[in-house]
Amino acid sequence: MKIAMIGTGYVGLVSGVCFSDFGHDVVCVDKDITKLNQLEKGIAPIYEPGLEELMAKNVAAGRLSFTGDLAHAVTGADAVFIAVGTPTRRGDAHADLTYVMEAAEEIADALTGYAVVVTKSTVPVGTNRQVKQVIQATNPGAEFDVASNPEFLREGAAIDDFMRPDRVVVGFESGRAAKVMNDIYRPLSLRDFPIMSTDLESAEMIKYAANAFLATKITFINEIATLCERVGADVKKVSKGMGLDGRIGSKFLHAGPGYGGSCFPKDTKALARMGQDHAIPMQLTETVIKVNDEVKRRMTDKVVDLCSGSVNGKVIAVLGVTFKPNTDDMRDSPSLTIVPSLVGNGAKIRVVDPHGRREGEELLPGVVWHQDVYEAAADADAIVILTEWNEFRALDLERMAKSMVTPRMADLRNIYNADDVERAGFTAYVCIGRDGFGV
Ligand code: NAD
């Protein structure tokens, strides 16, 4: 199959690379010249484990290329995927469909023969029909169908998620579109990965419902964690006990500093907005958004408590600023709430993150970046673990404690336990939903 992929962000690039690895001919399109220059040199503009290698393999095989010329990519394509951003629209929290509709217009102008225009971006119910109208209005003679194919990959594990998905969801209205989509995903259906066929509206809704459910699960355990702290329970044990129940499951049940990232915050807001637009308020989701904001804010209080009531003038080493490990994505990361709030309270912040600096430098003004975690902790008054990168899971805590002015730790991902931290020489420790000490 010949595929054009519009947008080479976290979703478009991974999808394009993986489709080419299935054996399809893929042309990836982007407007961003800097990204294109990097891609043409074989450099992935994002950090995603395994991506650059798979990209190189498929470019070398002649199945994958990059261009800024959308018309060139669309000409002769069996399917044109729209994988552009759908951020929160300023003012009303609706999903901003500007990029999707612009792409639809450009695609319409470029269509020559029959193609399926597939929306992979996360879009509110009704958007695929709007895309169809835009294409029809722009190019009344165009021969095409639309299909909805929301993406469920997780940054940091994106290639594996794409190659071994729990399911692929495809919404369509015509048999012709269904055939093209089946051909594209045949390498997965042949290996028995479920391909779920449905209508356009249900496909669009599945994505929002799934993300809002996961955000709710995380927020639920975060709220339970707060109560655990008050009543003397240990949220890690509570999560384990809950997660062993097959009806609940253990995933997305780890208490932390609140959900962030490029999807949950904007998708929960867009779902809430969709509910309001249709006079069916999404009351649970609206509450989840509110509670998550409170959870993030509470993290600053924890660090202030750790530092005996004030962070003013204190040197604090923050370990990890990306919204989760194995990505460089900083969008809506809890660090963007917590770090500025500590800086605002007078703290001198040092930051270490294996891949966060490129994105983070602009977003976190007034902090000092370090490469080495021990260098960042030396002479500090406290360390704060914000992202559970593997390299932060087995630190030499004794070495760290000895080098600090006051060895104190806020472990906002619960990756250590109080006994080990105390034994290593720390004098104060706070975590989430469990007892710490020295505070
Ligand atoms: P992104 O911001 O990383 O990438 C979007 C890309 O599209 C950018 O490179 C931009 O330059 C390009 N673009 C915009 N308009 C264009 C046009 N007209 N022509 C060519 N290129 C254009 O976004 P992302 O994180 O990949 O997300 C894309 C969509 O996928 C969103 O709707 C998102 O909600 C959804 N999604 C994201 C993830 C994730 O983990 N990031 C997971 C599932 C779904």
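Residues numbered from 1 in each chain as written. Predicted model: local features only at pLDDT ≥ 70, side-chain atom pairs only at ≥ 80, totals over all residues. Heavy atoms only, no water.

J.: Which residues make up the overall build of the protein chain, and what are the values?
T.: When helices and strands are tallied, the protein chain shows 17 helices and 14 strands. Taken against the 2.2 N^0.38 rule, which gives 22 Å for 439 residues, the C-alpha radius of gyration of the protein chain at 23 Å falls within 12% of a compact globule. In the protein chain, the share of contacts with a sequence separation of at least 24, taken over all contacts with a separation of at least 6, comes to 72%. Accessible surface for the protein chain amounts to roughly 19,000 Å². Of this, 51% is attributable to carbon and sulfur atoms. (Helix = DSSP H or I, 4+ residues; strand = E, 2+ residues; numbered from the N terminus. Rg over C-alpha atoms; globule rule 2.2 N^0.38 Å. Contact = heavy atoms within 4.5 Å. Areas by Shrake-Rupley, 256 points an atom, 1.4 Å probe, with all protein chains shown as cover.)

J.: I'd like a description of the pattern of salt bridges, backed by residues and values.
T.: Overall, the coordinates contain 26 salt bridges when judged by the stated rule. A salt bridge links K179 to D183; its shortest N-O distance comes to 2.9 Å. Of this pair, K179 and D183 both sit in helix 8 (residues 175–189), 4 residues apart, roughly one helical turn. For E398, the salt bridge goes to K402, with nearest N and O atoms at 4.0 Å. Residue E398 and its partner K402 are both found in helix 16 (residues 397–403); the two are separated by 4 residues, about one turn of the helix. Of the residues examined, E398 reaches a relative accessible area of 44% and is grouped as partly exposed. Overall, the relative accessible area of 68% leaves K402 in the exposed class. Linked through salt bridges whose partners overlap, the residues forming this network are R129, K132, E173 and E201. (Salt bridge = Lys/Arg side-chain N within 4 Å of Asp/Glu carboxyl O. Buried < 20%, exposed > 50% of the residue type's maximum accessible area, 1.4 Å probe, protein only.)

J.: Before we move on, can you summarise the packing of helix 1 (residues 10–22) against helix 3 (residues 51–60) with the specific residues and values?
T.: Where helix 1 contacts helix 3, the axes come no closer than 9 Å and their chain directions differ by 45°. As far as their axial angle goes, helix 3 and helix 1 are oblique. Between helix 1 and helix 3 the crossing geometry is left-handed. Across the interface between the two elements, L13, V14, V17, C18, S20 and D21 of helix 1 pack against L51, L54, M55, K57 and N58 of helix 3. (Axes fitted to C-alpha atoms, helices over the stretch in contact; angles between N-to-C directions. Parallel < 35°, antiparallel > 145°, perpendicular 65-115°, else oblique. Left-handed = near helix turned anticlockwise from the far one by under 90°.)

J.: Explain the site of the ligand residue by residue, including any values.
T.: Taken together, the neighbourhood of the ligand is formed by 26 residues, with D30, K35, T86, E155 and K266 sitting nearest. Note that an oxygen atom of the ligand is positioned 2.8 Å from one of the side-chain N or O atoms of R331. Alone, the ligand offers 830 Å² of accessible surface; in the complex the protein occludes 90% of this. Along the lines of polarity and charge, the residues of the shell around the ligand split into 8 nonpolar, 8 polar and 10 charged. (Near = heavy atom within 4 Å. Polar contact = N/O pair within 3.5 Å; in protein donor to acceptor, adjacent residues only side chain to side chain. Nonpolar A, V, L, I, M, F, W, Y, C, P; charged D, E, K, R; others polar.)

J.: Give me the lowdown on the environment of L386, citing residues and values where you can.
T.: With respect to the helices, strands and loops of the structure, L386 is situated in the loop between strand 12 (382–385) and helix 16. Exposure remark for L386: the relative accessible area of 3% places this residue in the buried category. Distance in space between the C-alpha atoms of L386 and D411 is 7.2 Å, their sequence separation being 25 residues. The contact partners of L386, leaving out residues within four places of it in the chain, are P257, V318, L319, G320, S335, I338, V339, L412 and R413.

J.: Any chance you could break down the nonpolar core for me, citing the residues and the numbers?
T.: Ranked by size, the top nonpolar core spans 41 residues in total, and within it F19, F81 and I184 carry the most contacts. Ranked by residues supplied to this core, first place goes to helix 1 with 7 residues. Among the nonpolar cores identified, the runner-up in size contains 36 residues, and C228, V311, V339 and A382 belong to it. (Core = buried A, V, L, I, M, F, W, Y, C linked by side-chain atoms within 4.5 Å.)

J.: Tell me about the state of the cysteines, and name the residues and values.
T.: Taken as a whole, this structure holds 0 disulfides when the rule is applied. The cysteine C28 is free of any disulfide, with C18 supplying the nearest cysteine sulfur at 11 Å. Take C28: its relative accessible area is 0%, and that puts it in the buried class. No disulfide involves C263; its nearest neighbouring cysteine sulfur is the one of C18, lying 16 Å away. Among the residues examined, C263 registers a relative accessible area of 30% and is labelled partly exposed. (Disulfide = S-S within 2.5 Å.)

J.: How would you summarise the sheet that holds strand 11 (residues 368–370) if you had to cite specific residues and measurements?
T.: Ordered in space as 11-10-9-12-13-14, the 6 strands form an open sheet in which the pairing is parallel. The sheet is open, and its two edges are formed by strand 11 and strand 14 (428–430), each paired on a single side. With strand direction ignored, the average angle separating the axes of adjacent strands in the sheet is 20°. Pairing between strand 9 (residues 315–319) and strand 12: 4 bridges, direction parallel. Looking at strand 12, one finds that A317 is bridged to I383. (Pairing = 2+ DSSP bridges.)

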